[in-house]
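Now for the letters of each chain:
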Amino acid sequence: MDRDDFRKDYIQLIASVREYVEEQLQLGFTELEQNEPEHDSPYADFDLSALTTDAESCVKCALHETRTKVVFGVGDPNADLMFIGEAPGADEDRQGEPFVGRAGQLLTQIIEAGMKLKRSEVYIANVLKCRPPGNRNPQPVEVETCSPYLIRQIELVQPKVIMALGSFAAQMLLDTKTGITRLRGEFHACNVPGLRVPPHRTPPVIMPTYHPAYLLRNPSAKREVWEDIQKVMAHLEQA
Ligand code: SF4
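Residues numbered from 1 in each chain as written. Predicted model: local features only at pLDDT ≥ 70, side-chain atom pairs only at ≥ 80, totals over all residues.

Quick look at the overall build of the chain
In step 1: Each helix and strand counted, the chain has nine helices and six strands in total.
In step 2: Burial statistics for the chain: of 239 residues in total, 35% are counted as buried.
In step 3: Restricting the contact set of the chain to residue pairs at least 6 apart, pairs at least 24 apart contribute 72%. (Helix = DSSP H or I, 4+ residues; strand = E, 2+ residues; numbered from the N terminus. Buried ≥ 20, exposed ≤ 12 C-beta atoms within 10 Å, placed from the backbone. Contact = placed C-beta atoms within 7 Å.)

Below, the structure is given as structure tokens:
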């Protein structure tokens, strides 16, 4: 390309840009569009307290009809480690706190005896905030309706590591259909659709592992969970 051709192309480019800007102004746009993704969560500006209050009166899915209490989440709001399970069971529904039944006692034992942390030093929540009747599996529409609460919880707590307990939590957080047996044991990049991470923060990494309720039925799987926990502790020490 000689100098004249280059000049012609350059003038043409400027003319196209001017034409585009004039068109946009005529259409009423006064600012260039930002390329940042829109956050369409209704909870984008909520803090944990406002989010809890909102969830406690939530009637967005049919589970509100059968719940006793909304089970929002407990623990350190600035925890480095977050545990996310599937949904409340009968004990949790009665008490309004996640992981307080037999499976919850095992989780507490894992945290306190295995990780040498206090339960109050981590943050514990579920994908669903209300109990599915008879502990049936969460339905996709319930997960989709309730997940904005969990997404905002993760944004606010800003953990470094999330342990996803069982298939449902792991599949929701990783946006995959792969089962827990194949997912567990390795760190995965967080792939929660719509999760916002501040520019100065790194997104949490996800360690999927077996749900404590599964461990009650299959105690031999505790060995694998222990391996997963050791990886998490090593990661937290370095982070
Ligand atoms: S499960 Fe979630 S979306 Fe459904 S009523 Fe409870 S808080 Fe609302």
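Read on, since the account is not over.
A look at helix α4 (residues 102-114)
In step 1: With 13 residues, α4 extends 17 Å between its outermost C-alpha atoms, agreeing within 8% with the 18 Å of an ideal straight helix rising 1.5 Å per residue.
In step 2: Three or more residues of α4 are buried, namely Ala103, Gly104, Leu107, Ile110 and Ile111. The arc that holds the buried residues of α4, viewed along the axis, is 115 degrees, so those residues lie on one side. In α4, the exposed positions angled more than 90 degrees off the buried face are occupied by Gln109 and Ala113.
In step 3: Taken together, the buried residues of α4 touch β2 (81-85), α8 (212-217) and α9 (222-238).
In step 4: Positive phi shows up at Lys116, right after α4, with a value of about 60 degrees. (Expected span 1.5 Å × (residues − 1). Arc of directions from axis to C-beta.)

Digging into the sheet that holds strand β6 (residues 205-209)
In step 1: Ordered in space as β1-β3-β2-β4-β6-β5, the six strands form an open sheet in which the pairing is mixed. The sheet is open, and its two edges are formed by β1 (74-75) and β5 (188-189), each paired on a single side.
In step 2: Note: β2 against strand β3 (residues 123-126), four bridges, orientation parallel. By the bridge assignment, Phe83 is partnered in β3 with Ile124.
In step 3: Contacts between α9 and the sheet are confined to β2, β4 (161-165) and β6, with β6 contributing the most and set at about 165 degrees to the helix. (Pairing = 2+ DSSP bridges. Axes fitted to C-alpha atoms, helices over the stretch in contact; angles between N-to-C directions.)

What about the packing of helix α2 (residues 48-56) against helix α5 (residues 140-157)?
In step 1: It is the contact of α2 with α5, at a shortest axis distance of 10 Å, that shows an interaxial angle of 165 degrees. Taken together, the axes of α2 and α5 are roughly antiparallel relative to one another. Viewed along their axes, α2 and α5 form a crossing whose handedness is left-handed. Of α5, the residues touching α2 (which contributes Leu48, Leu51 and Ala55) are Tyr149, Arg152, Gln153 and Leu156.
In step 2: Of the residues in the contact of α2 with α5, the class split is five nonpolar, one polar and one charged. (Parallel < 35°, antiparallel > 145°, perpendicular 65-115°, else oblique. Left-handed = near helix turned anticlockwise from the far one by under 90°. Nonpolar A, V, L, I, M, F, W, Y, C, P; charged D, E, K, R; others polar.)

Some details on the environment of Arg67
In step 1: Tracing the chain through its elements places Arg67 in the loop between α2 and β1.
In step 2: Overall, the presence of 18 C-beta atoms within 10 Å leaves Arg67 in the partly exposed class.
In step 3: Aside from chain neighbours lying at most four places away, what touches Arg67 is Asp93, Cys130 and Arg131.

Some thoughts on unusual backbone geometry
In step 1: Residues other than glycine seldom take positive phi values, yet Gln158 does so here, at roughly 50 degrees.
In step 2: Positive phi is not limited to glycine here, since Asp175 has a value of about 55 degrees.
In step 3: Looking at Asp175, the number of C-beta atoms within 10 Å reads 10, which means it is exposed.

A word on the pairing of β3
In step 1: In β3, alternate side chains face the same way, and those of Tyr123 and Ala125 on one face and Ile124 and Asn126 on the other are all buried.
In step 2: Where β1 lies against β3, two bridges are found, and the strand directions are antiparallel. Looking across to β3, one finds that Gly75 is bridged to Tyr123.

Re the confidence of the model for the chain
In step 1: Mean pLDDT over the chain works out to 89, with 84% of the residues at or above the 70 mark.
In step 2: Contacts from residues 24-38, a stretch scored under 50 in pLDDT, to residues over four places away or in other chains number one contact. (pLDDT = per-residue confidence, 0-100.)

Some thoughts on the site of the ligand
In step 1: Of all residues adjacent to the ligand, which total 14 residues, the nearest are Cys58, Cys61, Lys129, Cys130 and Cys146.
In step 2: It is α5 that contributes the most residues to the shell around the ligand, three residues altogether.
In step 3: Grouping the constituent residues of the shell around the ligand by class yields nine nonpolar, two polar and three charged. (Near = placed C-beta within 6 Å.)

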